Each structure stands twice: as C-alpha cells, then as structure tokens.
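Residues per chain are reported as follows:
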Amino acid sequence: MFSSKPNNEKILKVFSGIRCLSKDQLPRYMEGRLTDIEKHLVEQHLADCDLCFGALQALEQEGNEQYQDLTGKLQRFIHDSIQPVSHVHKVAQYTKKEKTKESLLVYFWLIAFLVIGIASVYVLRGHLRNQPPPPPRTLVSAQPAAKDTATPPSGEVTNQPIVTSEQPAPAPGHQTAATPATTTPAAKPAATTANPPATAAPAPPRPTAADSIAKAKAAALKAQQKKHAADSIRKALALQKQQDSLKKEKEKGNDSDNKKPEPQPEPKQEIKEPAPQPKKEAPPAAEPINSDEYLYKAAMVYQQQGNLGEAIDRYKRIAANSSGKYAEMATYQLAICYRSKGQMGKARRLFREVIRMDGFLKNNAQQALDSM
Amino acid sequence: MHQQLTNLSDKELISRARKQDREAEGVLMDRYSHLLVAITLPYLDKAPKPDPNIVLPTLLQRLSASLKTQTIYKANEWILHIQKGYFNNPDKNIPFYPSRDGRDLLHIENKVEKAGTNIIDRQDLAVRLEQALQRMTADDRDLITQFYIDNKSFADLTAAMGLTREKLRDQLKAAKGKLAKLYMNQGYV
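- Chain B goes by Sigma-70 family RNA polymerase sigma factor in an unreviewed UniProt entry, where it is assigned to Chitinophaga fulva.

- The name that an unreviewed UniProt entry assigns to chain A is Tetratricopeptide repeat protein, with the source organism given as Chitinophaga fulva.

### Let's talk about the overall build of chain B
Part 1: For chain B, the count of helices and strands is ten helices and zero strands.
Part 2: Listed N to C, the secondary structure of chain B is α-α-α-α-α-α-α-α-α-α in terms of helices and strands.
Part 3: Here chain B holds 189 residues, and 45% of them are scored as buried.
Part 4: Of the contacts formed within chain B by residues at least 6 apart in sequence, a portion of 57% connects residues at least 24 apart.

### Some details on unusual backbone geometry
Outside of glycine, negative phi angles account for most residues, and trans bonds account for most peptide bonds.
All names here are of chain A.
Part 1: Positive phi outside glycine occurs at Asp 358, with the angle close to 60°.
Part 2: Mapped onto the elements, Asp 358 comes out in the loop between helix H18 (344-357) and helix H19 (362-371).
Part 3: With a relative accessible area of 52%, Asp 358 lands in the exposed category.

### Digging into the side chain of Arg 62 of chain B
All names here are of chain B.
Part 1: The residue Arg 62 is located in helix H4 (residues 52-69) in this model.
Part 2: Since its relative accessible area comes to 16%, Arg 62 is described here as buried.
Part 3: In contact with Arg 62, not counting residues within four places along its chain, are Ile 82, Tyr 86, Pro 90, Asp 91, Lys 92 and Asn 93.

### Things to note about the UniProt feature "domain: Putative zinc-finger" (unreviewed entry) in chain A
Part 1: Here, the residues flagged by UniProt with the feature "domain: Putative zinc-finger" (unreviewed entry) are residues 24-52 of chain A.
Part 2: The span residues 24-52 of chain A carries 79% helix and 0% strand; its end-to-end C-alpha distance comes to 13 Å.

### Regarding the interface of chain A and chain B
Part 1: In this assembly, 57 residues from chain A lie in contact with 60 residues from chain B.
Part 2: Across the chain A to chain B interface the summed buried area is about 5300 Å²; carbon plus sulfur atoms make up 65%.
Part 3: The largest share of the area that chain A buries against chain B comes from Ile 11, Phe 15 and Leu 51 of chain A, three residues that together contribute 16% of it.
Part 4: Linking chain A with chain B are four salt bridges, by the criterion used here.
Part 5: The shortest N-O distance in the salt bridge between Arg 165 of chain B and Glu 60 of chain A comes to 3.0 Å.
Part 6: Inspection of the region where chain A meets chain B yields 19 residue pairs in polar contact (both at pLDDT 80 or more).
Part 7: Contributions of two or more residues to the side of chain A that touches chain B are made by helix H1 (5-10), helix H2 (25-31), helix H3 (36-48), helix H4 (50-62) and helix H5 (64-130) of chain A.
Part 8: Across the side of chain A that touches chain B, the residue classes break down as 26 nonpolar, 17 polar and 14 charged.

### Remarks on the packing of aromatic side chains
Any pair of aromatic rings gets described here by the distance separating the centres and the angle formed by the planes.
Part 1: Applying the stated criterion across every chain, the model contains nine aromatic pairs over all chains.
Part 2: Ring geometry for Trp 109 of chain A versus Phe 113 of chain A: centroids 6.2 Å apart, planes at 40°, classification tilted. Of the two residues, Trp 109 of chain A and Phe 113 of chain A both sit in helix H5, four residues apart, roughly one turn of that helix.
Part 3: Overall, Phe 113 of chain A belongs to the exposed group, its relative accessible area being 56%.
Part 4: A connected cluster of aromatic rings, assembled from ring pairs, spans Phe 108, Trp 109 and Phe 113 of chain A.
Part 5: A cation sits over an aromatic face here: Arg 169 of chain B above Phe 53 of chain A, 4.3 Å from the ring centre.

### Observations concerning a positive patch on the surface
Part 1: Taken together, the side chains of Lys 316, Lys 341, Lys 346 and Arg 349 of chain A make up a positively charged region of the molecular surface.
Part 2: Judged by its relative accessible area of 45%, Arg 349 of chain A is partly exposed.

### Quick notes on the UniProt feature "transmembrane region" (unreviewed entry) in chain A
Part 1: Following the UniProt record, the feature "transmembrane region" (unreviewed entry) maps to residues 104-124 of chain A here.
Part 2: Annotated as 100% helix and 0% strand, the span residues 104-124 of chain A places its first and last C-alpha atoms 30 Å apart.

Calculation notes
- Residues numbered from 1 in each chain as written.
- Chains lettered and ligands numbered in written order.
- Predicted model: local features only at pLDDT ≥ 70, side-chain atom pairs only at ≥ 80, totals over all residues.
- Heavy atoms only, no water.
- Helix = DSSP H or I, 4+ residues; strand = E, 2+ residues; numbered from the N terminus.
- Buried < 20%, exposed > 50% of the residue type's maximum accessible area, 1.4 Å probe, protein only.
- Contact = heavy atoms within 4.5 Å.
- UniProt positions renumbered as here; feature names shortened; annotations may be inferred.
- Buried area = accessible area lost by both parts, 1.4 Å probe.
- Salt bridge = Lys/Arg side-chain N within 4 Å of Asp/Glu carboxyl O.
- Polar contact = N/O pair within 3.5 Å; in protein donor to acceptor, adjacent residues only side chain to side chain.
- Nonpolar A, V, L, I, M, F, W, Y, C, P; charged D, E, K, R; others polar.
- Phe/Tyr/Trp six-rings, centres within 6.5 Å; stacked < 30°, edge-to-face > 60°.
- Lys NZ or Arg CZ within 6 Å of the ring centre and 35° of its normal.
- Patch = residues over 30% accessible without salt bridge, like charges linked within 9 Å, V, L, I, M, F, W, Y side chains within 5 Å.
- Areas by Shrake-Rupley, 256 points an atom, 1.4 Å probe, with all protein chains shown as cover.
- Lys, Arg positive; Asp, Glu negative; His and termini not counted.
- Charge placed at Lys NZ, Arg CZ, Asp CG, Glu CD.

Set out below in structure tokens:
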C-alpha cells in the first residue's frame, strides 16, 4: 500500500487545476525554451484549456510581433482606464463621505436647537399656565382680609366703651323693650349728622360682653348675616323717609304733620325685631348716599320680613323712576316677589323684562324663568 | 495593492469585481489580455479587417458587463465564450453556461483542491480515481497513464502514436471527460 502511494497520488494530477499560460510563457513554449516540468505542466493545461490552446495555435499561425504589440497596448489601455478611475472613485467616495458627515452634523444641530427651542417654549407655557392661580388667590384672600380689617376695628376699637356702657343690661333681658329706647337716638344722629365711627359696629362686642354665650353666638350669627343687608338699609330707609318728609313738608306745609307719623311707625315696627344690632350700624352704610340704593334696600327688608305688598310697592317705584342697575335689580326682585306670591304670569313677564334689559342679572333671570 | 491583487485567484478577483472593485477587475482583465489578443489575431486578418483599437476595448466592455451578471466557474472558458460570441454574432449577447461535462470536471477539480494536504482525503480520492481508471477502455487508460503519470510530452506521444498534436489533445480531453464521468457515476455501478 505504502509503495503504491506515490503512484496513486500521481493520478490526482489529472484533475489538478493549473493556471492559464502567462504572457511570456506562450512564446517560450513555442520556442521550446521551457524546463521539462514546466513544459509538462503547460501541456497538461493545454489539454484542458481551449483558450490557451486556441491562443497557441493562433500565435503559431500569425507570428509573435503583432501579439506583443497589441498585448502591450491592451494592457496599457486597461491600466489607463481602470486605475485612474479607481483613484477618482476613491476620492469621490471620500469627499462624499465627508460631505454626508458634515450635513448630518448640521442636521443634528438644527434638530437639537429646534427641540431645545420647542421644549423651552413648552416649559415656559407650562410655567405661565401654573402661575396665574396665585394672583387670584392673593386677591381673593386680600379682599376679605381688607373687609375684615376695615369693618371690625373701626367698630370694636372705637365703639367698645360706648356700647358697653349703654347696652349690656338691656340686651340679654328684653330685646323688644330695649329697642324703642335705642332706636330713636340712633336714628337721629344718622339723619342729622352722618357719624359712622361713634355707633358703627357695636354688634360684635355686645354678644361677647353678654352673659349667655349660646344666645350670644346665635344672635351674633343671625345678626351678622342680616347686618350687611338689613341694618344699613334701615338707616337708608330712615334717610329716605326724612328726605320724603322734607319734600312733603316743603310741598304741603300743613299736610306734612299728618303724613309724617304714618311712614315713621312702619319702619320702626319692622326695625324693632332685628333692632338692637342694626341701629348701631346705620351710620357706616350712610356714607354712600344714593336714593335708589336706599329705596332698594328698604324694599329688600320688607321682602325679607315677608311684607311682600310693601316691598312690591317700593320695587315698582324704583323700577319706574330710576334707571340702570337699580331698575334692573328692582324688576328682578319684583318678579321674585310675584313668584313667591304665586302670581306666576306677572313674575314671568318681569323676568323677561329683566332679560330684555340685558344686564348683569340676565343669567339669573333666565335661570329663574327656566325653573318656573 | 496592485501587487497583492495579482496574487489572488480568478475566483477571488471575480467576486471583488462584482463588488464594484474596478482595480480587481483590471487585474483580472490584465491577466487574460494576452490570451484575448492571441485568439483575436486570426479574426483581425479576416475579411472586414476590424480595427484592433476598436475591437479589443469593445470586447473588454462586454467582458466587464457580463462579469457583473453572469456566474463564472472558469475565467478562461468565459472569456473564450464571450470572444467567440462577439465575432460570430456581434449583435447578440449569448450568456455563458458551462456544459454538463465541464461541471463534472469542475466538481472533481474542486474536490482535489479541497483535499489539499489532507492525506486521508487524498488517499480516498486516489483510490476512487484508480477504480474509475480501471473501468476505462485500454486505449484511453494507456493514453492517460502515459501522459499524466509517465510525464510524456505531446511530442513524444504524437511521435509514438502517429497523430497530430490537435488530434492527440482531443483524445486526451475526451479521455479525461470519460474518466470524470466514470468517477461521478461510481455510486450507480
């Protein structure tokens, strides 16, 4: 087996791949200037390769000169056409790469700046959106604070001694009994001289000074609720009546004496119920003097007390005589009065009138009308 | 770069040329340019007498174009096919397909090349080739044995057998094809 191996291995030569003849191998083979081994390899290849054998035959026929000449030309042509192209190609590729790199960088920074800009705008807007709430809060908190600070100190600080000296005794005992005594003095200063600080707000100190805390608390709560609306109105009423009475006095010299007592008792009777606190607060409300306002407030008081007929009368007067805000408000209240009296037709008509006025109560009127 | 490329095999150069490597394509063309010129010489003397300055570059262009699209097993066969196609029918571009026999030969050549220095593989291949050789006719077996194993040249054989070189070559080629066929069909026997 071992001895036959080289012989065996030789047979593989039949199928061993051999490269084609090179440029100078061809003429050398023709001229017989090859070594035995080389010649054998060339002949092995020639047995397989049609191209090389064809070339050999052609060369043998045509001669060597043209072959050398044309081969040299062709190789030069290949070198010329391919190498510069490849060099140019490389340069172009490099520049292209650089350009794309640059443009990508430019795009990147553009996009980055855009994103930063948009983000900052977004953040800023979010910041602004979140900021507005604080100012209203401060405003809302400031207004009540201002009110609180404005009203109580004036009453408490200035009036405490006066009130305590006069009223501690009567308040807990009999409200009704105490009222007639205090009403007349309160009404008079309000009418003659608008003097707010003296009698301003004795209500808060009174309950605190009083013995029964429960009663005081209840009274204070009710009183505070009614104060703002009713108390000041009463003084307005008083003022208005005085104005009326003055006019009447001027107009009708003798008749004024008969008529005066009539209007006066009415307010006094009505005032008597919530009396003790309101009377002392009359002066502060008297500061802004407006007949329409007084009339309106008086009517409100009547309405609150359930005296709808009287209230309707006054409201009608305001609606007929004045214009603007109070006319509208009066009409609206008139409608409410009619509604509570059960006269729905009149109420509806008046609500519609309010809507027609197109004022700040329009929405309320519309709602009331819708709910009827 | 150019020096490195000249050392590469045809197969590698072709695959590089397909990847737009103009330099590899140039090296490949350069390698076969003298053979292309040699086989074109007889056509240049024929009737229309074409200008070699036009014909050869045109041929190169054709080769370059087909290099990118065709499957090429053997560069020499491909170049010959393109060249013959160009001169026989210049307007028609006939694609190149290797024949069945050519593929058998190629297969065995690849196997031998792959076996390389692996003794076991080489032994196995040698034994099987020997078996195939034994089944050939006596004339073919003698011819192959004398030419390949006894290293006799064309001149020796033509003198001994009284044949022309072309005829001897044809016989050798035919005998080799038969051997390849026998080897490939051994499994069926």
